[in-house]
Structures are given as structure tokens and as C-alpha cells.
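Descriptive analysis of the structure
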Amino acid sequence: MEADIQRFEEKLNHFVTLFQRLRSENNDLRQQLAAKGDEVKRLAEKLDHAKMRIEALVEQLPEAESEQS
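Before going into details, it helps to say that this report is about the structure given with it. (Residues numbered from 1 in each chain as written. Predicted model: local features only at pLDDT ≥ 70, side-chain atom pairs only at ≥ 80, totals over all residues. Heavy atoms only, no water.)

**Brief notes about the overall build of the protein**
Counting its regular elements, the protein contains 2 helices and 0 strands. When the 69 residues of the protein are sorted by exposure, 0% land in the buried category. Surface summary for the protein: the accessible area is close to 7,000 Å², and the carbon and sulfur share equals 57%. Put simply, the protein has 11 plus and 15 minus side-chain charges, and the middle of one group is 7 Å from the middle of the other. (Helix = DSSP H or I, 4+ residues; strand = E, 2+ residues; numbered from the N terminus. Buried < 20%, exposed > 50% of the residue type's maximum accessible area, 1.4 Å probe, protein only. Areas by Shrake-Rupley, 256 points an atom, 1.4 Å probe, with all protein chains shown as cover. Lys, Arg positive; Asp, Glu negative; His and termini not counted. Charge placed at Lys NZ, Arg CZ, Asp CG, Glu CD.)

Following this line, the structure appears as C-alpha cells:
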């Protein structure tokens, strides 16, 4: 019986350690996910800005028809 209790205690300690490690890893992953979300938002804003600049430059190009005349 004492050996059973000892094995149970070892398993329980193992599971507690595993639980703590996984909780820590989960927190790290949540932080990484939030950081990546911020990065995606920033890159989307840069892409929108670049798109607006390209559209403005395209509008400044001479018309193809007026070049042919």
C-alpha cells in the first residue's frame, strides 16, 4: 500500500509539473499570438498606405490615348 501511495504521489507530482509547464507555454503562445496580430495589423496598414501611393502615382501618369494622338 505504501508503494502505491508513493507511485501515486510521483505521478501526481509529474502531472503538476507538466501542468505548470504547459500553462507557462500557453501564456507564451498567447503573447506571441498577440504580437503577431499587432504585426499583421501594422503590415496591413503599410500595405494600404503603399496602395494609396501607387494609386496616386498611377493617376499622375499621362493617358495612353493622349500619347497616341
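**Things to note about the pattern of salt bridges**
One pass over the structure, following the stated rule, counts 2 salt bridges. R7 is the partner of D4 in a salt bridge, and the nearest nitrogen-oxygen pair spans 2.2 Å. Remark: R7 and D4 occur in helix α1 (residues 2–60); sequence separation between them is 3 residues, near one turn of the helix. Exposure remark for D4: the relative accessible area of 46% places this residue in the partly exposed category. Given a relative accessible area of 46%, R7 falls into the partly exposed group. With a shortest N-O distance of 3.7 Å, K36 and E39 are connected by a salt bridge. (Salt bridge = Lys/Arg side-chain N within 4 Å of Asp/Glu carboxyl O.)

**Remarks on a nonpolar patch on the surface**
A surface patch of nonpolar side chains, amounting to about 290 Å² of accessible area, comprises F8, L12 and V16. Here L12 shows up in helix α1. (Patch = residues over 30% accessible without salt bridge, like charges linked within 9 Å, V, L, I, M, F, W, Y side chains within 5 Å.)

**Concerning the environment of A3**
In this structure, A3 sits in helix α1. Overall, the relative accessible area of 43% leaves A3 in the partly exposed class.

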